[in-house]
Amino acid sequence: MRGFLAACAAIVCLPGVAQAQGALGANYNEHYEDVDYRDLKKADASWVRIFLTMPQLDQGAAEHGVVRTTLDAGKQGYKTILSFKWPFPNRDFPKPGSAEMEKELARLDAVLPLVMGKVEILVIGNEPYIESREADRDLDLNAFYEAMAARVIAYRAKHCIEDCKTRLYMGALNRLDLKKNITPSTDRWMEYVKATPQIDGVDIHPHINSIEASKPFLDYILPRMRAEQKFLVTEFSVVWWWKDNLKKPIPAAFAAKYDVPKNSQNWQVIKAALEQPFAKQRWDDFLSMSPWFESRKHYLRNQMKMFRDSGRLAVATYGFKQGSSMSNNFGPDKTPWLLNSVFAPRTVQANPDGSAAANYAWIDDFKALQKN
C-alpha cells in the first residue's frame, strides 16, 4: 500500500482507479447481433466486450448496433468494455492537423457523449499492429493513437468528473511472442501508457499456438507499466494450434461411429457442420475424440490462472459465440476462430428453446472461473 500511495503521489492518480479484478467475461468482437442474455446467464457471465469500427459511425453513432447493444447490456446489469477500432489497411495514419485527422476526431466526438460514464472500460484501439500495413507501423502509428487518447482523456475530464466509472486502456498488442514485433513503436506505446496517469493500463491479445507463448506478453508489458496499472486481455486463444490441425485426418473412432470417410480431414468435418449443424453429441464427439482438441480442453482454465497469478489482471474476455465472420467461406486455410467459442450456434443444432448449444470444452470451466 505504501508503494501504491507513493506512486499515486508522483503521478496524481485519479480517484477510483480500477484494481486487479481478475474477471472473465464474454467477448463478441464486432458481432453485437450475437448477444443473447440467455447465453450470458447460462455461463454466469457478468462482463461483455464488443469492438466498434469507427468509420461505421458515419452512418449514425446513436443508431449503431454496437453502441445500442453495449448500452443495453449495461442497463441489463452487465459490466461493459467497448474497444474503438481504427482500420488502416490501405493507407498511412493521418497526420496531426490534417483533414483526415479531424475526421477521425469528429467520429470520437460523436460517440463519446453516448458511452462515457456508461461503460466500465473504453479501450483506445483494437489491434493497431494488425489493422495497418506493416510499413506504416512506425511512430506515426503512435502519434495517431496518442491523439485519439488525448481526445478521450480531455472529454472525460470535462464531462465525466464526479466518480466517473469509465476507465481507459490502450489496446491492443499482438504476437509479442515473436521478437520481430517488439519495435521502437511498441516500446513507445508502453512508454505512453506508463507516462499517462489517466490511462489505467494496456490491452493484449495473445492469440497463440501454445499457452507458453503467452508468457512473453506479460514479460514485456508488466515491467513497462506503473506499479498500480493493470492489463486487459479482451481476446485470447490457441487458434494457431487449431489451425495447425485443420488438414490432419479425422479421428478413426469418429469416422467409424458416424460412417464418415476415414481419409477426411478435420476442416471437412467442420465445414459439414457449418453447412448442416450437427446434433450436439456428434459435435462433442468430433472434438473430444480428437487428441489435438481434447488435450487443450482446459486451456481456458490454465490460461486464466497464468493471467491471474500475475496479480495485475483487470478483466479478460474470451470468445463467447460463433459469429458469421468465423463461418463464411470455411475451408482448409480458414482461421478456425469458431473452435474457441463457448457457444456454438453455427456448428451445433439449437436447443429446443431456440438458444445456442454450448461447446462441451469451455462452458464448465468458464462458469467455474466466475467464482474465483
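Our subject in this report is the structure included herewith.

**Some points on the overall build of the protein**
At step 1: Check the secondary structure of the protein and you find 15 helices and eight strands.
At step 2: In terms of overall dimensions, the protein has C-alpha extents of about 65 × 45 × 45 Å along its principal axes.
At step 3: Going through the 372 residues of the protein one by one, you find that 56% of them count as buried.
At step 4: Considering only contacts in the protein between residues 6 or more positions apart, those separated by 24 or more positions represent 76%.
At step 5: Within the structure as shown, the protein displays about 15900 Å² of accessible surface, and the carbon and sulfur contribution to it stands at 53%.
At step 6: Charged side chains in the protein number 49 positive and 44 negative. The centres of these two groups are separated by 3 Å.

**Re the pattern of salt bridges**
At step 1: As enumerated under the stated definition, the model contains 22 salt bridges in all.
At step 2: Here D200 ties to R167 by a salt bridge, and the two come within 3.1 Å at their closest N and O atoms. Placement of D200 in the loop between α6 (184-195) and β6 (201-205) and of R167 in strand β5 (residues 167-174) is noted, with a sequence separation of 33 residues between them.
At step 3: The residue D309 makes a salt bridge to K305 at a minimum N-O spacing of 2.6 Å. Placement of both D309 and K305 in helix α13 (residues 299-309) is noted, with a separation of four residues, approximately one turn of the helix. Each member of the pair, D309 as well as K305, carries the same accessibility label: exposed.
At step 4: Overlapping salt bridges, with partners in common, bring together D58, R91, E104 and R107 in one network.

**With respect to helix α11 (residues 280-288)**
At step 1: Those residues of α11 that sit buried are W283, D284, D285, F286 and L287.
At step 2: In this fold, the buried residues of α11 make contact with α9 (252-258), α10 (266-275) and α12 (291-294).

**Regarding the packing of aromatic side chains**
At step 1: Summed over the entire model, instances satisfying the criterion amount to 30 aromatic pairs.
At step 2: Summarising the aromatic geometry, the rings of F231 and F307 are spaced 6.2 Å apart at their centres and angled 75 degrees between planes, so their arrangement reads as edge-to-face. Taken as a pair, F231 in strand β7 (residues 230-233) and F307 in helix α13 lie far apart in primary sequence, 76 residues in all. Like F307, F231 is buried.
At step 3: Look at W240 and W337: their rings are 6.0 Å apart centre to centre, the planes differ by 70 degrees, and that puts the pair in the edge-to-face class. With W240 in helix α8 (residues 239-244) and W337 in the loop between α14 (324-327) and α15 (363-369), this residue pair connects regions lying 97 residues apart in the sequence.

Reading the values: the criteria
Residues numbered from 1 in each chain as written. Predicted model: local features only at pLDDT ≥ 70, side-chain atom pairs only at ≥ 80, totals over all residues. Heavy atoms only, no water. Helix = DSSP H or I, 4+ residues; strand = E, 2+ residues; numbered from the N terminus. Buried < 20%, exposed > 50% of the residue type's maximum accessible area, 1.4 Å probe, protein only. Contact = heavy atoms within 4.5 Å. Areas by Shrake-Rupley, 256 points an atom, 1.4 Å probe, with all protein chains shown as cover. Lys, Arg positive; Asp, Glu negative; His and termini not counted. Charge placed at Lys NZ, Arg CZ, Asp CG, Glu CD. Salt bridge = Lys/Arg side-chain N within 4 Å of Asp/Glu carboxyl O. Phe/Tyr/Trp six-rings, centres within 6.5 Å; stacked < 30°, edge-to-face > 60°.

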